[in-house]
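# Geometric and topological summary
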Amino acid sequence: QVQLVESGGGLVQAGGSLRLSCAASGRTFSSYAMGWFRQAPGKEREFVAAITWSGGSTYYADSVKGRFTISGDNAKNTVYLQMNSLKPEDTAVYYCAAMIGKIVVVRSSYDYWGQGTQVTVSS
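Looking now at the nonpolar core. Core analysis: the biggest nonpolar cluster contains 37 residues, and Met34, Trp36, Leu81, Met83 and Tyr94 have the highest contact counts within it. Mapped onto this core, the elements with two or more residues apiece are strand E3 (18–25), strand E4 (32–39), strand E5 (46–52), strand E7 (68–73), strand E8 (78–83), strand E9 (92–100) and strand E11 (117–122). For this core, the element with the most residues is E9, which contributes 6 residues.

Take a look at the structure:
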């Protein structure tokens, strides 16, 4: 059974940084793509960034490009999201997700989800 457990959320001032972690278990994830999504109150869950385990290909939403970096540690089965220059509009619950295959930005394509971790950016 696939489990994804996020950690690292919290409260930070605008301009600050946080690093989220997603620990994956229950499978061999070499053929998987791992994504980060976020959902702000009253809004749809939106794509943030994704990475493939095999080749390390990455893709970012325009809203976070240049500020966020996704990376993976195969030995630890853990994916990270380094978030710099945070803005109040980055406030959301951040979710880790996994799917077999290449990176896609469509939420419904992902098969497995974590419980989420809250990120709050104060102005």
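That was the structure; now back to the text.
This structure, assessed with the given rule, holds 7 aromatic pairs. Their ring planes at 80° and their centres at 5.6 Å tell us that Phe37 and Phe47 sit as a pair that is edge-to-face. In this pair, Phe37 is assigned in strand E4 and Phe47 in strand E5, connecting sequence segments 10 residues apart. Residues Phe37 and Phe47 agree in their burial class; the two are buried. Ring centres of Phe47 and Tyr59 lie 6.0 Å apart, and the angle between their planes is 40°; this geometry places the pair in the tilted category. Of this pair, Phe47 sits in strand E5 while Tyr59 sits in strand E6 (residues 58–60); the two residues are 12 residues apart in sequence, bridging distant segments of the chain. Taking relative accessible area as the criterion, Phe47 reaches 11% and is therefore assigned buried. Judged by its relative accessible area of 44%, Tyr59 is partly exposed. Cluster of aromatic residues (ring-pair linked, three or more members): Phe37, Phe47, Tyr59, Tyr95, Tyr110 and Trp113. Here the basic side chain of Arg45 rests over the ring of Tyr95, its NZ or CZ set 3.6 Å away from the ring centre. We note Arg45 situated over the ring of Trp113; from NZ or CZ to the ring centre the distance is 5.0 Å.

Let's shift gears to the pairing of E8. Burial of E8 is extensive: 5 of the 6 residues sit out of reach of the surface. Sheet analysis places E7 next to E8, joined by 6 bridges and oriented antiparallel. By the bridge assignment, Gly72 is partnered in E8 with Val79.

This paragraph deals with unusual backbone geometry. Of note in the backbone geometry, Asn77 takes a positive phi value of approximately 50° without being a glycine. With respect to the helices and strands, the residue Asn77 is situated in the loop between E7 and E8. The phi dihedral of Ser85 is positive, around 50°, even though this residue is not glycine. Tracing the backbone shows Ser85 in the loop between E8 and E9.

What counts as what
- The written sequence of each chain sets the order in which its residues are numbered from 1.
- With pLDDT at 70 or above as the cut-off, local features in this predicted model cover only qualifying residues; side-chain atom pairs require 80 or more to be listed or tallied, and sums for whole chains, interfaces and linings still use all residues.
- Hydrogens and waters are ignored; side-chain quantities use all the structure's heavy atoms.
- To define a nonpolar core, start from buried Ala, Val, Leu, Ile, Met, Phe, Trp, Tyr and Cys residues and group those joined through side-chain atoms within 4.5 Å.
- Burial classification: accessible surface area is computed with a 1.4 Å probe over protein chains only, and a residue below 20% of its type maximum counts as buried, one above 50% as exposed, and the rest as partly exposed.
- By the criteria applied, helices consist of DSSP H or I runs no shorter than four residues and strands consist of E runs no shorter than two, each listed in order from the N terminus.
- By convention, a stacked pair of Phe, Tyr or Trp rings (six-membered ring in the case of Trp) has centres within 6.5 Å and planes under 30 degrees apart, an edge-to-face pair has planes over 60 apart, and any other such pair is tilted.
- Comment: the charge-over-ring label is applied if NZ (Lys) or CZ (Arg) is within 6 Å of the ring centre and within 35 degrees of the ring normal.
- Pairing between two strands is assigned when DSSP locates at least 2 bridges connecting them.

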